[in-house]
Amino acid sequence: MHDFHYVDDELCCEGMPILKIAGEVGTPFYLYSYRTIKNHFKVFDGAFAGISHLVCFSAKSNANIAILKIFIREGSGVDIVSGGELYRALQAGVDPGKVVYSGVGKRADEIEYALKSGILMFNVESPQELEVINDCAGRLGKKAGISLRVNPDVDPRTHRHIATGLRENKFGISIERAREEYHRAEKLPHLDIKGISCHIGSQVTEIAPFTDTIERLKKIIRLLRKDGINIRYLDIGGGLGITYDRETPPHPSEYASAIMKASAGMDCTFIFEPGRVIVGNGGILVTRVLYTKATEDKNFVIVDAGMNDLLRPALYDSYHHIQPVVKREGQEIMADVVGPICESSDYLAKGRMIPRFERGELMAVMSAGAYGFSMSSNYNARPRIPEVLVRNDQFYVIRKREEYADLVRGEEIPNFLMNETVA
Ligand code: LLP
């Protein structure tokens, strides 16, 4: 469910016509519905009301501080993977005791920043990282909360670029080796073992990979507890998929009941790190048609948003539904929707039946709330686009459009290049 719908052929976000927003902020821009994403969070969180749990929204999917704030106000923690994401989460007012930190390549300065901030735990991804966290904590006179991110070797049956819980992936510590690493961690004086974590992949549209994972983790938790290691938290990661096109992922309530059933009697606090399922369908990209061009082979619709703004189609060949902002009568045509970037992979839709757009018309690229702005870049020296949040019949610019001056901020021409006689 989302709050993007037509009223008299005009696409609105909640009670706000998108045409009006475009008139005021220009194009392209990201647009989020407050009601949709808040509701998605509440549905997800509420599905686990029966068990002790903490939802840590995954900042990588959408790290705008206004968006983070929506969840933080609902009691959410944040799942981070860098010092920068920690900074964003803190700026948004997160309780540091609700922050979990994953990622295979945490730098010592990032670890220290997290320790000083007092985060709940690090999801540790390698034996060497255990040592580095222990050293950092020792230097700061602190104890670091940790869990080991276990790689359960489960196939999430998703795009190969976003599968993470297979043996061949770089993530986590293999389930066979985990027990021995827990014993090593126990001997390190500045670590406090809090739990166990995993994340099998993203855009997972079936339940079985999650429940298989829990079965595997259950076994190791039992062994660890027998060894006297107190596992208090079980972090299942994120990964629940959404409908972009025709996928039929389980509803969060089905996902929750399957997880609760699989883990009955485990006596731990569950942590979830959802991203996409909360924000994916709560945001769209609004772009304007610059030109249409028919070649011998194809129709092209050239729009003002490119792969630097929404990378997913170029990177994963992913599907985003295309809709007109103002509907009008007319036949559909088969076309490629492409951006202004100088790369052939710069497309938003390929070989798609879409309305016959004209120059100047607005297009909505749907399901762009997750991994949209957060993966955008300045490639081709394009200022990054604004993010706008709608609540009822009001809109708020929650990130301004970058200016040309932002493009060169921090750059410097060395003096010798200013000198005409340099060799
Ligand atoms: N926790 C960890 C440790 C993760 O690595 C991820 C996503 C999540 C949670 C959140 O997963 P979600 O609930 O959003 O599926 N850029 C790709 C997705 C990459 C996901 C990376 N990890 C895309 O646009 O599809």
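### Topic: the overall build of the chain
Across its full length, the chain holds 13 helices and 21 strands. Computed over C-alpha atoms, the radius of gyration of the chain comes to 23 Å, within 12% of the 22 Å expected from 2.2 N^0.38 for 423 residues, which places it in the range of a compact globule. Taken along its principal axes, the extent of the C-alpha atoms in the chain is 70 × 65 × 40 Å. Buried residues in the chain amount to 54% of all 423 residues. When contacts within the chain are restricted to residue pairs at least 6 apart in sequence, long-range pairs at least 24 apart make up 69% of them.

### Some points on the confidence of the model for the chain
Taken residue by residue, the chain gives an average pLDDT of 95. The fraction at 70 or more is 98%. Confidence, read as mean pLDDT per element, is least for strand S10 (residues 173-174) in the chain (89) and greatest for strand S4 (residues 29-33) (99).

### Observations concerning the domain arrangement of the chain
Segmenting the chain into domains produces domain 1 (4-31 + 280-407) and domain 2 (103-272). Of note, the centres of domain 1 and domain 2, computed from C-alpha atoms alone, are 36 Å apart. The interface of domain 1 with domain 2 comprises 10 residues on the first partner and 8 residues on the second. When domain 1 packs against domain 2, the two sides together hide about 760 Å² of surface, and 54% of this comes from carbon and sulfur. Of all residues in domain 1, Asn281, Tyr316 and Tyr319 bury the most surface against domain 2, accounting for 56% of the area lost on that side. Looking at the side of domain 1 that touches domain 2 residue by residue, the class counts come to 4 nonpolar, 5 polar and 1 charged.

### Observations concerning the site of the ligand
For the ligand, the set of nearby residues contains 19 residues, the closest of which are Ser202, Glu273, Arg312, Tyr316 and Tyr371. For the ligand, an oxygen atom lies 2.6 Å from a polar atom in the side chain of Tyr371. Along the lines of polarity and charge, the residues of the shell around the ligand split into 5 nonpolar, 8 polar and 6 charged. Residue contributions to the shell around the ligand reach at least three from each of two domains, namely domain 1 (4-31 + 280-407) and domain 2 (103-272).

### Details of the packing of aromatic side chains
Each aromatic ring pair is described using two quantities: the centre-to-centre distance and the angle formed by the ring planes. One pass over the structure, following the stated rule, counts 13 aromatic pairs. Between Phe270 and Phe272, the aromatic rings sit 6.2 Å apart at their centres with planes inclined by 10°, giving stacked as the arrangement. Grouping residues by exposure puts Phe270 and Phe272 together as buried. Put simply, the rings of Phe44, Phe48, Phe210, Tyr255, Phe270 and Phe272 pair up and form one aromatic cluster. Positioned above the aromatic ring of Tyr6 is the side chain of Lys327, whose terminal nitrogen or guanidinium carbon lies 4.2 Å from the ring centre.

### So, the sheet that holds strand S1 (residues 4-7)
Pairing in this open sheet of 3 strands is antiparallel, and the strands run S1-S2-S3 from one edge to the other. The sheet terminates laterally at S1 and strand S3 (16-17), the two strands that pair on one side only. Sheet topology note: the strand S2 (residues 10-13)/S3 ladder contains 2 bridges and is antiparallel. Bridge pairing in S3 links Cys13 to Met16.

### Focus on the nonpolar core
Counting 99 residues, the largest nonpolar core has Phe122 and Ile146 as the members making the most contacts within it. Per-element tally for this core: the top contributor is helix H8 (residues 208-226), with 6 residues. Split by domain, the residues of this core number at least three in each of domain 1 (4-31 + 280-407) and domain 2 (103-272). One finds Met16, Ile18, Ile21 and Phe395 within the second-largest nonpolar core, a separate group that totals 19 residues.

### Describing the pairing of S4
Most of S4 sits inside the fold, with 5 of its 5 residues counted as buried. Residues Phe29, Leu31 and Ser33 line one face of S4 and the alternating positions Tyr30 and Tyr32 line the opposite face, and both faces are buried. Two elements, S4 and strand S14 (residues 283-294), share 4 bridges in a ladder whose sense is antiparallel. In the strand pairing of S14, Tyr32 is matched with Gly283. Direction of pairing for S4 relative to strand S20 (residues 387-391): parallel, over a ladder of 4 bridges. Looking at S20, one finds that Leu31 is bridged to Val388.

Thresholds applied
- Residues numbered from 1 in each chain as written.
- Predicted model: local features only at pLDDT ≥ 70, side-chain atom pairs only at ≥ 80, totals over all residues.
- Heavy atoms only, no water.
- Helix = DSSP H or I, 4+ residues; strand = E, 2+ residues; numbered from the N terminus.
- Rg over C-alpha atoms; globule rule 2.2 N^0.38 Å.
- Buried < 20%, exposed > 50% of the residue type's maximum accessible area, 1.4 Å probe, protein only.
- Contact = heavy atoms within 4.5 Å.
- pLDDT = per-residue confidence, 0-100.
- Domains from an automatic or database assignment.
- Buried area = accessible area lost by both parts, 1.4 Å probe.
- Nonpolar A, V, L, I, M, F, W, Y, C, P; charged D, E, K, R; others polar.
- Near = heavy atom within 4 Å.
- Polar contact = N/O pair within 3.5 Å; in protein donor to acceptor, adjacent residues only side chain to side chain.
- Phe/Tyr/Trp six-rings, centres within 6.5 Å; stacked < 30°, edge-to-face > 60°.
- Lys NZ or Arg CZ within 6 Å of the ring centre and 35° of its normal.
- Pairing = 2+ DSSP bridges.
- Core = buried A, V, L, I, M, F, W, Y, C linked by side-chain atoms within 4.5 Å.

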